[in-house]
Amino acid sequence: MTLLILLTLLGAGPTLAGRRAPAPAAPSLEEGAAQLMNDALLADEAWGELRYLCDHIGHRLAGSVGLEQAVAWGARELEADGLGVTLEPVQVPVWIRGEERVELLAPLERRLDVLTLGGSVGTPPGGIEGEVVVVGSFDELEERGAEAAGKIVLFDDPWVDYGQAVSYRGRGAAAAAKQGAIAALVRSPTPISLGTPHTGGMRYEEGVPEIPAVAVTLEDAAWMRRLAANGEAVRVRLQLGARREGEAASHNVVGQIEGREHPEQVVILACHLDSWDVGQGAHDDGAGCVAAMEAGRLLAAMPVAPRRSVRVVLYANEEFGLSGGKAYAAAHQDELGQIVAAVEADTGAGQPLGFRVDMRAADSGERDEALAAQVVAALQASMALLQPIDATELEISWSGADISPLVKLGVPGLGLKHDTSGYWPIHHTRADTFDKIDPALLARNVAAMTVMGWILAEQPEPLPRSQVPPEQ
Ligand SMILES: [Zn+2]
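About the cut-offs
Residues numbered from 1 in each chain as written. Predicted model: local features only at pLDDT ≥ 70, side-chain atom pairs only at ≥ 80, totals over all residues. Helix = DSSP H or I, 4+ residues; strand = E, 2+ residues; numbered from the N terminus. Contact = placed C-beta atoms within 7 Å. Domains from an automatic or database assignment. Nonpolar A, V, L, I, M, F, W, Y, C, P; charged D, E, K, R; others polar. Pairing = 2+ DSSP bridges. Axes fitted to C-alpha atoms, helices over the stretch in contact; angles between N-to-C directions. Core = buried A, V, L, I, M, F, W, Y, C linked by C-beta atoms within 7 Å. Buried ≥ 20, exposed ≤ 12 C-beta atoms within 10 Å, placed from the backbone. Expected span 1.5 Å × (residues − 1). Parallel < 35°, antiparallel > 145°, perpendicular 65-115°, else oblique. pLDDT = per-residue confidence, 0-100. Right-handed = clockwise from strand over helix to strand, strands pointing away.

Asker: In this structure, what is going on with the overall build of the protein? I would like to understand it.
Answerer: Check the secondary structure of the protein and you find 13 helices and 16 strands. Here the C-alpha coordinates of the protein stretch approximately 110 × 45 × 40 Å along the principal axes. Excluding contacts between residues fewer than 6 apart, the proportion of contacts in the protein whose partners are at least 24 apart in sequence is 83%.

Below, the structure is given as structure tokens:
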């Protein structure tokens, strides 16, 4: 007995005296995912944060006071949740909508509910008026080009998908101006409408006159088409106060959790803080931001940090030329090879269905289908961890706008895929407000971002990826 005590003192004694409480062991990929899934579905922080963002800050157009309040809010929240926060400078354009009034003058007088497209020029104070030429496509505009000179072109393209519809919003004014038109009206890019015009970004072309561009409702577009098809002259007057006012300084908000084994390797969870200047930007993209932020909070609260670092990035400007995403990619050129994936949530807060995988060749920026298929294969087994919320789909497609500058340089891109049936009808309208958010679905969005963030940061091997081009 004495000997045993003596041996213990001599041998094990110093070890015992020097022993610290053991660090908790990292959970398995499955255990961690199950715990995070549970935490995400039970917590209501994201709901409260989104309510604050929508009701107390409101819409957040690039260059507005609202955006700067949102930047400060995002930084404050991430810091309070235990992430290391930095603000990265971004220049954003400033565009003011001003007063807008568009009236049908003939065959009867009626005011139209419109939204000037973002970036559009205004009209002279007295307004402009002209006859409306209704076309269903760019091809039809080409064919009937001679009719458009001196007139107002209405693009009334039937909805197929957002990508097609948005091409008229983006390029319609320039195409009409090339035919000599004095203004462009664009049918709102949405499958259904309750008299809601949808704003959004548009672009002018070098050397082409800058003419005003406004979105009209599906109902008014259909009405003008019926009138024109009936051979009646349709006349419209536009008075638009829109104007550009240079640029303003803003910031991408970045919050980081250091990885326990490979802190230099980074998984990005992204969204954009800015919104259009109507509604509250609840679905676009407030919901995506609180999902990414809450994923950061839940991952930071784990007893053991994930293997790799997780970085929440709230981009400052997506809607107005993507300067947030472009500035981020430019500032992080030297760590491109260490960004193991970028995940973005930016199609509302409907039921999450899974993820869209986007892989590009680092030298050309073109889609690399074979590599994308390898990424899908590498993730396939882990998708079972998203079974509790039925978000197990993987498809090769576009991932997200803010992360696209990274993805074009070879970073694996993942876009949270949603049921968007409730999203497109309110996207970029006055109706994108907090009351449209379903708390149970928002929690599922949080769960999808959290568990995918965990999978990417914790799985033993990083995703297959393209070679990063050497520095220029
Ligand atoms: Zn968006």
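Asker: I'm lost on the domain arrangement of the protein in this one. Help?
Answerer: The figure often quoted for interface size is the accessible area lost as the parts come together. Taken as a whole, the protein is organised into domain 1 (29-95 + 246-458) and domain 2 (98-241). Using only C-alpha atoms to locate each centre, domain 1 and domain 2 end up separated by 34 Å. Across the contact, 13 residues belong to domain 1 and 14 residues belong to domain 2. Among the residues making up the side of domain 1 that touches domain 2, the classes are represented as 7 nonpolar, 4 polar and 2 charged.

Asker: Looking at this structure, how should I read the sheet that holds strand β6 (residues 152-155)?
Answerer: Backbone hydrogen bonds are what pair the strands of a sheet, in a parallel or an antiparallel way. The 8 strands lie next to each other as β3-β2-β9-β5-β6-β7-β8-β4, forming an open sheet whose pairing is mixed. Looking at the sheet topology across the chains shown, the edges are occupied by β3 (110-112) and β4 (114-116). Sheet twist, expressed as the average angle between the axes of neighbouring strands with direction ignored, equals 30°. Inspection of the sheet shows strand β5 (residues 128-135) paired to strand β9 (residues 235-240) by 4 bridges, in the antiparallel sense. Bridge pairing in β9 links E131 to R235. Running over the sheet, helix α7 (residues 162-178) touches β6, β7 (183-187) and β8 (213-216) and is turned about 150° from β7. Where helix α8 (residues 218-229) meets the sheet, its contacts fall on β3, β5, β6, β7 and β8, and the angle it forms with β5 comes to roughly 80°.

Asker: Any chance you could explain the pairing of strand β10 (residues 243-257) here in plain terms?
Answerer: Across a regular strand the side chains alternate sides, sitting on one face of the sheet and then on the other. In this structure, strand β1 (residues 84-96) lies alongside β10, joined through 12 bridges in antiparallel fashion. Across the sheet, I96 pairs through a bridge with R243, a residue of β10. In this structure, β10 lies alongside strand β12 (residues 308-315), joined through 5 bridges in antiparallel fashion. Across the sheet, Q256 pairs through a bridge with R311, a residue of β12.

Asker: What am I meant to see in the nonpolar core here?
Answerer: Considering soluble globular proteins, one finds that nonpolar side chains tend to be buried as a cluster. By size, the foremost hydrophobic cluster in this structure holds 136 residues, and its most contacted members are V153, A184, V214, A292, M449 and V451. Looking at this core, the element that brings in the most residues is helix α13 (residues 439-458), giving 12 residues. Two domains each donate at least three residues to this core, and these are domain 1 (29-95 + 246-458) and domain 2 (98-241).

Asker: Which parts of the structure should I look at to understand the sheet that holds strand β16 (residues 413-418)?
Answerer: Taken in spatial order, the 8 strands line up as β1-β10-β12-β11-β13-β16-β14-β15 in an open sheet, and their pairing is mixed. Each of the sheet's edge strands pairs with one partner strand only, and the pair in question is β1 and β15 (393-396). For this sheet the average axis-to-axis angle between neighbouring strands, irrespective of direction, equals 25°. Taken together, the 6 bridges between strand β14 (residues 352-358) and β16 define a ladder with antiparallel strand orientation. Note that in β16 the partner of P352 across the bridge is H418. The sheet contacts of helix α10 (residues 323-331) involve β1, β10, β11 (262-272) and β12, and relative to β1 the element is tilted by about 140°.

Asker: Mind showing me how you'd approach unusual backbone geometry here?
Answerer: Leaving glycine out, the prevailing phi sign among residues is negative, and the prevailing peptide bond configuration is trans. In the segment running from A106 into P107, the intervening peptide bond is cis, with an omega of 10°. Note on placement: P107 falls in the loop between β2 (100-106) and β3. Cis rather than trans, the peptide bond between D284 and D285 has omega equal to 0°. Note that D285 resides in helix α9 (residues 282-300). A positive phi angle, near 55°, is found at D390, a position not held by glycine. Checked against the element boundaries, D390 lands in the loop between α11 (369-380) and β15. Phi is positive for H428, which is not a glycine, with a value near 65°. Within the secondary structure, H428 is located in the loop between β16 and α13.

Asker: For this particular structure, what's the right way to read α7?
Answerer: Helical geometry: 3.6 residues make up each α-helical turn, so side chains three or four residues apart lie on a common side. Over its 17 residues, α7 runs 24 Å from end to end, which matches the ideal 24 Å to within 8%, given 1.5 Å per residue. Within α7, the full set of buried residues consists of A165, Y168, R169, G172, A173, A174, A175, A176 and A177. At its buried positions, α7 is contacted by α5 (138-143), α6 (145-148), β6, β7 and β8. The positive-phi residue at the C-terminal boundary of α7 is G180, with phi of around 90°.

Asker: Help me understand the packing of helix α3 (residues 45-57) against α13, please; the structure alone is not making it clear to me.
Answerer: Packed helix pairs are specified by the crossing angle of their axes together with the interaxial distance, meaning the distance between the axes. Direction vectors running N to C along α3 and α13 enclose 110°, while the axes themselves pass 9 Å from each other. Considering the angle they form, α3 stands roughly perpendicular to α13. Within the contact between the two elements, α3 uses A46, W47 and L50 and α13 uses P439, L442 and V446.

Asker: I'm lost on the confidence of the model for the protein in this one. Help?
Answerer: Reading predicted coordinates in detail is not appropriate for stretches of low pLDDT. Residue-level pLDDT values for the protein average 94, and 94% of them are 70 or greater. Overall, residues 1-17 carries pLDDT values under 50, and its contacts beyond four positions in sequence, including any with other chains, amount to 1 contact.

Asker: Got a minute to help me understand the pairing of β11 in this structure?
Answerer: In this sheet, β12 lies alongside β11 in parallel orientation, the contact comprising 8 bridges. The partner of H272 across the bridge, within β12, is Y315. On the question of chirality, the crossover connecting β11 to the parallel β12 by way of α9 is right-handed. Relative to strand β13 (residues 339-344), β11 is paired through 5 bridges, and the arrangement is parallel. Its bridge partner lying in β13, L269 is registered against V343.

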